[in-house]
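# Analysis of the macromolecular model
Residue strings, one per chain:
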Protein chains: 2
Amino acid sequence: MTTPESNPASNPTAAILIIGNEILSGRTKDANLPHIAEKLGGIGVRLREARVVPDVEEEIIAALDALRARYSYVFTTGGIGPTHDDITSACVAKAFGVALERNPEAVARLERHYGDPSKLNEARLRMANIPAGGELIDNPISAAPGFRIGNVFVMAGVPNIMQAMLDGVLPRLKGGPALHARTVACELAEGVIAADLGALQDRYPELEIGSYPYFRNGYFGVSLVLRGTDEPRLEAATEELAGIVRRLGGTPNVTVGAKG
Amino acid sequence: MTTPESNPASNPTAAILIIGNEILSGRTKDANLPHIAEKLGGIGVRLREARVVPDVEEEIIAALDALRARYSYVFTTGGIGPTHDDITSACVAKAFGVALERNPEAVARLERHYGDPSKLNEARLRMANIPAGGELIDNPISAAPGFRIGNVFVMAGVPNIMQAMLDGVLPRLKGGPALHARTVACELAEGVIAADLGALQDRYPELEIGSYPYFRNGYFGVSLVLRGTDEPRLEAATEELAGIVRRLGGTPNVTVGAKG
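Quantities reported herein were computed from a predicted structural model and do not represent experimental measurements. (Residues numbered from 1 in each chain as written. Chains lettered and ligands numbered in written order. Predicted model: local features only at pLDDT ≥ 70, side-chain atom pairs only at ≥ 80, totals over all residues. Heavy atoms only, no water.)

### Here's the deal with the relation of the copies chain B and chain A
- Mapping chain B onto chain A is achieved by rotating through 180 degrees and translating by 0.0 Å along the same axis, at an RMSD of 0.0 Å. Such a turn and shift between the copies fits a two-fold axis. If distances are taken from each C-alpha of chain B to the rotation axis, the shortest is found for Arg51(B), at 2.2 Å.
- Both copies share a contact surface, since 100% of the interface residues of chain B are interface residues in chain A too. (Least-squares fit on C-alpha atoms with pLDDT ≥ 70 in both. Contact = heavy atoms within 4.5 Å.)

Okay, structure coming up:
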């Protein structure tokens, strides 16, 4: 049994490709996926997959090609700095079969940022190497730009820089119907409500209903999250679910959004 | 240019498959990847890839088949609870072409855990459905087991349960030479040290050298992480790097591990 198809044709789709050994070694906890997911959800773009790959050319290219063929948009994070392990831009150029060129506008931005020309060494100039045909993505924090080529958006891995880049990118994307969410939290065990919840999902196949158990303040409970583009149906299902919770002896705490 | 091959034949490899709409919507931040990565690193197993897929049967099966064909071990998290959106076990059975069976030992564990037979309803009994041939993985927190089949280890998504399951799994794995790490942190900009760092990487191709910029207490700095199985070579490279940092006017802060 699968959950209902959660990718209506009217909603563009997206994938994230997280590039970096530091994520796979456990040293660095990725903070970009949840941020990108929420921002995309806000404009009706559904994040459908994420992959984490090491700083290895073949791995980056293979993952990028798989994802860009399949989803409306692909967002990469990481690997666009000045050091030897920053190979994302070169890999993207290879994946698209275009040259990696020193971009004059990117050079100009780095020149303005570093001021003193002696600071703009060859390592830093590597950050101005952009695949031919790529459009720059602004970096208001540290100048070195990201870029878009085809349906791929190449961004920094450092969270505050990535977030600033994404803010510039979002208005360029074609979104879809907004995705709304409601959360019904209650101190019932998942297993107690599971049968009724499954039946509710069957009655509302156009919604995505998820069940997320938690343990807080000494109590087990569950956050039941309903998600979809049709707000009246979402409201109706939420009310039904609150009724189910009450019938089972729980106290439903209904909130807008999926944070509960 | 790629970083050196970071998967010596002597180190087994691993991938993580994170299953759940809640990760892709941004509602839930995954906390399992860094934990699994560190624990695997501790026994010399290299995490080489991670994927996040939604609660959709075809997606789970396709990702599982791709990963289990390629890596020594695959660890899945999420989707083994009692609700309709918990479809991982059924998907794993399909991927392996075996039946999903009610496992008597798993039923016995649930019976002991829930005590009162009326509490062990059909939804909860679903958690005892295990692919034929699967070996149970203990769940000391909430009884419902994970399982191993082939090179795939199926675990819960709730972090404390996943961690307890992993503790039981680790002694069963074949590890490899321990992976050691050193961190040289300094308040130099990445771009200042990039050229020397690339040359150092060229001199030590058997090590993996990463550069991770940070902004803390009003200063930019960088953590340079060296990683490998040959500790004398690791020490030698670390000393060279500390010397490079001093020559460039920085103060190297050398620590064991990759946390700096």
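Having put the structure on the table, let's press on.
### Quick word on helix H8 (residues 190-203) of chain A
- In this model, H8(A) (14 residues) spans 19 Å end to end at C-alpha, consistent with the 20 Å of a helix rising 1.5 Å per residue.
- Looking at the buried side of H8(A), the elements it contacts are strand E10 (208-216), strand E11 (219-228) and helix H9 (231-247) of chain A together with helix H6 (122-125) of chain B. (Helix = DSSP H or I, 4+ residues; strand = E, 2+ residues; numbered from the N terminus. Expected span 1.5 Å × (residues − 1).)

### Thoughts on the sheet that holds strand E3 (residues 73-77) of chain A
- Read from one edge to the other, the open sheet built from 12 strands follows the order E6(A)-E7(A)-E8(A)-E3(A)-E1(A)-E2(A)-E2(B)-E1(B)-E3(B)-E8(B)-E7(B)-E6(B), with strand pairing classed as mixed. Every other strand in the sheet has two partners, leaving strand E6 (135-137) of chain A together with strand E6 (135-137) of chain B as the edge strands with one partner each. Direction aside, neighbouring strands of the sheet carry axes that sit 20 degrees apart on average.
- Across five bridges, strand E1 (residues 13-19) of chain B lies against strand E3 (residues 73-77) of chain B in parallel orientation. Each bridged residue has a counterpart across the sheet, and for Ile18(B) the counterpart in E3(B) is Thr77(B).
- Its contacts with the sheet place helix H4 (residues 88-96) of chain A against strand E1 (13-19), E3, strand E7 (146-149) and strand E8 (152-155) of chain A, and it is angled at close to 10 degrees to E7(A).
- Packing of helix H2 (residues 32-42) of chain B onto the sheet brings it into contact with strand E2 (46-53) of chain A together with E1, strand E2 (46-53), E3 and strand E8 (152-155) of chain B, and relative to E1(B) it is tilted by some 160 degrees. (Pairing = 2+ DSSP bridges. Axes fitted to C-alpha atoms, helices over the stretch in contact; angles between N-to-C directions.)

### Things to note about the packing of H2(B) against helix H7 (residues 159-169) of chain B
Residues and elements named next belong to chain B.
- One can describe the packing of H2 onto H7 by two numbers: an axis separation of 11 Å at closest approach and a directional angle of 15 degrees. By the angle between their axes, H2 is roughly parallel relative to H7. The hand of the H2/H7 crossing is right-handed. In this structure, H2 uses Asn32, His35, Ile36 and Lys39 to contact H7, whose residues at the interface are Pro159, Met162, Gln163, Leu166 and Asp167.
- Looking at the contact of H2 with H7 residue by residue, the class counts come to four nonpolar, three polar and two charged. (Parallel < 35°, antiparallel > 145°, perpendicular 65-115°, else oblique. Left-handed = near helix turned anticlockwise from the far one by under 90°. Nonpolar A, V, L, I, M, F, W, Y, C, P; charged D, E, K, R; others polar.)

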